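Residue-level structure breakdown
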Amino acid sequence: MRGWPLIKLLPQKTNFHFVKYAPAAGVISIILCVASIVGCFYPGLNMGIDFRGGASMEVSKPAGQVLELDQVRSAVSELGLGDVQVQGIDSAASAIVRFQIPEDEGQSAVVARVEKAIDEAVGEVKYSGVSVVGSKVSGELFTSGLLALGAAIVLMFIYIWFRFEPQFGFGAVAGLVHDMILTFGLIVLFRFEFSLNTVAAILTVIGYSMNDTVVVFDRLRENLRKYKTMPLREV
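Attention here is on the structure that accompanies the text. Keep in mind that this is a model prediction, so the values were computed, not measured.

The rules behind these values
Residues numbered from 1 in each chain as written. Predicted model: local features only at pLDDT ≥ 70, side-chain atom pairs only at ≥ 80, totals over all residues. Heavy atoms only, no water. Salt bridge = Lys/Arg side-chain N within 4 Å of Asp/Glu carboxyl O. Helix = DSSP H or I, 4+ residues; strand = E, 2+ residues; numbered from the N terminus. Buried < 20%, exposed > 50% of the residue type's maximum accessible area, 1.4 Å probe, protein only. Expected span 1.5 Å × (residues − 1). Arc of directions from axis to C-beta. Contact = heavy atoms within 4.5 Å. Pairing = 2+ DSSP bridges. Axes fitted to C-alpha atoms, helices over the stretch in contact; angles between N-to-C directions. Parallel < 35°, antiparallel > 145°, perpendicular 65-115°, else oblique. Left-handed = near helix turned anticlockwise from the far one by under 90°.

On to the pattern of salt bridges. One side chain can pair with another of opposite charge once the charged atoms of both are near each other. Here the structure, examined in full by the defined rule, presents three salt bridges. With a closest N to O distance of 3.1 Å, arginine 73 and aspartate 70 form a salt bridge. Taken as a pair, arginine 73 and aspartate 70 lie in helix H3 (residues 69-77) at a separation of three residues, close to a single helical turn. Residue aspartate 70 is classed as exposed on the basis of its relative accessible area of 55%. Of the charged contacts, one joins arginine 221 and aspartate 218 as a salt bridge, the two residues approaching to 3.2 Å between their closest N and O atoms. Of this pair, arginine 221 and aspartate 218 both sit in helix H7 (residues 196-226), three residues apart, which is roughly one turn of that helix. By relative accessible area, which is 31% here, aspartate 218 ends up partly exposed.

Each α-helix turn comprises 3.6 residues. Residues three or four places apart therefore point the same way. Across its 16 residues, helix H4 (residues 107-122) extends 23 Å between first and last C-alpha, which sits within 8% of the 22 Å expected from 1.5 Å per residue. Residues of H4 that are buried include every one of Val110, Val111, Val114, Ala117, Ile118 and Val122, and no others. Down the axis of H4, the sector holding all buried residues measures 125°, keeping them to one side. In H4, the exposed residues that point more than 90 degrees away from the buried face are Ser108, Lys116 and Glu120. Looking at the buried residues of H4, the elements they touch are strand E2 (54-60), H3, strand E4 (94-99) and strand E5 (126-133). In the segment just after H4, glycine 123 is the residue with positive phi, at about 90°.

Quick look at unusual backbone geometry now. Residue proline 43 is bonded to the preceding tyrosine 42 through a cis peptide linkage, with omega at 10°. Mapped onto the elements of the fold, proline 43 is located in helix H1 (residues 22-44). Despite not being glycine, arginine 191 has its phi angle at roughly 55°, a positive value.

Turning our attention to the sheet that holds E4. Adjacent strands of a sheet pair through backbone hydrogen bonds, lying either parallel or antiparallel. Taken in spatial order, the four strands line up as E3-E4-E2-E5 in an open sheet, and their pairing is antiparallel. The two strands at the open ends of the sheet, each matched to only one other strand, are strand E3 (85-88) and E5. The mean angle between the axes of side-by-side strands here comes to 15°, regardless of whether they run parallel or antiparallel. As paired elements, E3 and E4 share four bridges and run antiparallel to each other. Across the sheet, glycine 88 pairs through a bridge with alanine 95, a residue of E4. Sheet strands in contact with H4 are E2, E4 and E5, and its direction is about 145° off that of E5.

Interhelical geometry of H3 versus H4 gives an angle of 135° and a closest axis separation of 9 Å. Regarding the angle of H3 to H4, the classification is oblique. Crossing angle aside, the handedness with which H3 passes H4 is right-handed. Taken together, the residues of H4 that come into contact with H3 (itself represented by Gln71, Val72, Ala75 and Val76) are Val114, Ala117, Ile118, Ala121 and Val122.

This is the structure we're talking about:
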């Protein structure tokens, strides 16, 4: 092939014996899964406003002006509203501000205090997209999110059970749980915010993981019928 001269360097036989490395891969997976589970409790998930309660608002300056994020963060942090998050969006003129609301204060009063502090720090700005989530609602959302993940796994197991065989179903669920736990581990490791959007992302991971599993199992079932006397490891 003229366009691919380096292809001659590739071996003619490219069969890779993945199963041979199963024990080592299993040990690595167990270690990573245990570390991910421990990380979910300590230091724990970085809960977003959806799951811990609080408020978020979009702060923006007129076009052509720069919004100093550090000044916004310092002004809101001085109000003692927990872990304040300020994230720039789209351009240097706007940002999303997230903060907690104390249980002994009214939501509207806290939002007003935050707006006043930001105005004093960076001048007059425009506020939009203000959303408030109470602690009770946030707890219900967190429970609903976990139930959604659990229901997805159970339904996937039922599908594989009917589509293939019970042992394939258990294998598929084991793979799903493995992928989901490692995804949680990455979320903890990089301190990504755990919100409703994150739950949707994990559900997407579950869907793609199951799709990959179905493709592999279908080919495996086909080869088991084709090579009836071949050892399973070879298949």
